[in-house]
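Residue-level listing of the chains:
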Amino acid sequence: MKPFESVFILGGTSTIARAICVKLAESGVKKFHLVSRDKNSNIQFVKKLRSLYRVEVTQEEHDLLSNCSLSEPFLPKVDFYDLYLLTSGYMGDSDLAKVSTLEALKINAINYSSLIPWLTEITNYQRIKLKGSLWVFTSVACDRGRPSNYHYGAAKAALSIFCEGLLLRCHDKPFSVRIIKAGYMDTPMAENAPKLLRVSPKKVAEDLMHNPNKRGIEYLPWWWNLIMFFVRILPDKYAAKL
Ligand SMILES: NC(=O)c1ccc[n+]([C@@H]2O[C@H](COP(=O)([O-])OP(=O)(O)OC[C@H]3O[C@@H](n4cnc5c(N)ncnc54)[C@H](OP(=O)(O)O)[C@@H]3O)[C@@H](O)[C@H]2O)c1
């Protein structure tokens, strides 16, 4: 049985979204809606999806930094899809963020606060009464504040807690929420991470497709659960070096 027919992706140009799209198309998805900052940068990929898999692909442009106004709250329009996937993210410059409020706020906005309007609309009261899934990429960085990336980690932690609230709100509903605490993947975002710890986006996409209707919080790959257990209990004098 096909897990999904239609998929909405926020962060449609991300490396991991592309790998997941391919797996989803292979599994029988017929329609994709890709939201990204610059749809021209996705032209080749969209062409490939259409020609290889004969799927319908629509695109929408949206810069997440444009929706953070409190005086005019952004109200996105989100149609009905079987799966909603959130893969946008911004590592930012963590050294700059230590001295620049602008960079610190940018990291927080892209990874957390700008997603709230989208998440609120996706999980509206009517939608969660029906079958559907939401997959959100957070990060292992959210498990402990570290000197080297606490802005990114804090924003991802806020996103994880927000989505855990959604997960529990939906626990007796047909709509499922899946929080993916990803470790390092071979993408531009992790180019400085140790090679040994990086896995391919394809592998992560395959892992996700093993149980597409899964709900809950998971580490991908699974062994990050173990690593983060030790990172969480590491005494401060060692954690201060991370
Ligand atoms: N790579 C890793 O090791 C790793 C580890 C843990 C978690 N994650 C998380 O996994 C997800 C996917 O990461 P990835 O490695 O595939 O990253 P990526 O290839 O760098 O993709 C990041 C995505 O975020 C989008 N984005 C950035 N700023 C934006 C803005 N202002 N408005 C709209 N979109 C914006 C980018 O759009 P543009 O194409 O327009 O820049 C791109 O689609 C992210 O949430 C990331 O935080 C990644």
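Residues numbered from 1 in each chain as written. Predicted model: local features only at pLDDT ≥ 70, side-chain atom pairs only at ≥ 80, totals over all residues.

A.B. asks: Outline the overall build of the chain, supporting the account with residue identities and numerical values.
C.D. replies: On a plain count of helices and strands, the chain comes out with 9 helices and 7 strands. In summary, the chain has a C-alpha radius of gyration of 18 Å against a globular reference of 18 Å for 242 residues, a match within 12%. With the C-alpha coordinates of the chain rotated into their principal frame, the extents come out at 55 × 45 × 40 Å. Buried positions account for 34% of the 242 residues belonging to the chain. (Helix = DSSP H or I, 4+ residues; strand = E, 2+ residues; numbered from the N terminus. Rg over C-alpha atoms; globule rule 2.2 N^0.38 Å. Buried ≥ 20, exposed ≤ 12 C-beta atoms within 10 Å, placed from the backbone.)

A.B. asks: Can you explain the nonpolar core? Please cite residues and give values.
C.D. replies: Within soluble globular proteins, side chains that are nonpolar tend to cluster in buried spots. If you look at the biggest cluster of nonpolar residues, it comprises 52 residues, and the most contacted ones within it are Val7, Ile9, Ile20, Leu85 and Val136. At 7 residues, helix H1 (residues 15-27) tops the list of elements feeding residues into this core. (Core = buried A, V, L, I, M, F, W, Y, C linked by C-beta atoms within 7 Å.)

A.B. asks: Can you explain the sheet that holds strand E6 (residues 175-182)? Please cite residues and give values.
C.D. replies: Whenever strands of a sheet pair, they do so through backbone hydrogen bonds, lying parallel or antiparallel. Pairing in this open sheet of 7 strands is parallel, and the strands run E3-E2-E1-E4-E5-E6-E7 from one edge to the other. A single partner strand is all that each edge strand has here, and the edge strands are strand E3 (56-61) and strand E7 (216-220). When strand polarity is set aside, the average angle formed by the axes of neighbouring strands in this sheet is 15°. Where E6 meets E7, 5 bridges bridge the pair, whose relative direction is parallel. The residue bridging Ile180 from the neighbouring strand is Glu218, located in E7. (Pairing = 2+ DSSP bridges. Axes fitted to C-alpha atoms, helices over the stretch in contact; angles between N-to-C directions.)

A.B. asks: Can you tell me about the site of the ligand, naming the residues and giving the values?
C.D. replies: Near the ligand, the surroundings consist of 26 residues, among which Ser14, Arg37, Gly89, Thr187 and Ala190 are the closest. Those elements that provide at least two residues to the shell around the ligand are H1 and strand E5 (132-139). Grouping the constituent residues of the shell around the ligand by class yields 12 nonpolar, 11 polar and 3 charged. (Near = placed C-beta within 6 Å. Nonpolar A, V, L, I, M, F, W, Y, C, P; charged D, E, K, R; others polar.)

A.B. asks: Mind laying out unusual backbone geometry, listing which residues take part and the relevant values?
C.D. replies: The amide bond that connects Leu220 to the next residue, Pro221, takes the cis arrangement and shows omega of -15°. Relative to the helices and strands, Pro221 is located in the loop between E7 and helix H8 (224-233). Located in the positive-phi region is Arg54, a residue other than glycine, with phi close to 55°.

A.B. asks: Please give an account of the pairing of E5 that cites residues and values.
C.D. replies: Burial within E5 is extensive, with 8 of its 8 residues counted as buried. Burial along E5 is two-sided: Gly132, Leu134, Val136 and Thr138 facing one way and Ser133, Trp135, Phe137 and Ser139 facing the other are all buried. Sheet topology places strand E4 (residues 83-86) next to E5; 4 bridges connect them, and they run parallel. Bridged to Tyr84 within E5 is Leu134. Here 8 bridges tie E5 to E6, and the two strands are oriented parallel to one another. Of the residues in E6, the one forming a bridge with Ser133 is Ser176. Crossover E5 to E6 through helix H6 (residues 150-169) is right-handed. (Right-handed = clockwise from strand over helix to strand, strands pointing away.)

A.B. asks: Explain the environment of Lys173 to me, and be specific about the residues and the numbers.
C.D. replies: Mapping Lys173 onto the fold places it in the loop between H6 and E6. The class for Lys173 is partly exposed, based on 16 C-beta atoms found within 10 Å. Taking the C-alpha atoms as reference, Lys173 lies 6.5 Å from Ile128; in sequence the two are 45 residues apart. Those residues in contact with Lys173, other than ones at most four positions away along the chain, are Ile128 and Lys129. (Contact = placed C-beta atoms within 7 Å.)

A.B. asks: Kindly report on the environment of Lys77, identifying the contributing residues and their values.
C.D. replies: Its place among the elements puts Lys77 in the loop between E3 and E4. As a C-alpha pair, Lys77 and Pro117 span 40 residues in sequence and 9.7 Å in three-dimensional space.

A.B. asks: Quick one: what's the story with the environment of Ser88, residue by residue and with numbers?
C.D. replies: As for its position among the elements, Ser88 is in the loop between E4 and helix H3 (94-99). Under the C-beta neighbour-count criterion, Ser88 is labelled buried, with 22 such atoms within 10 Å. Along the sequence, Ser88 and Phe137 sit 49 residues apart, while their C-alpha atoms lie 8.0 Å from each other.

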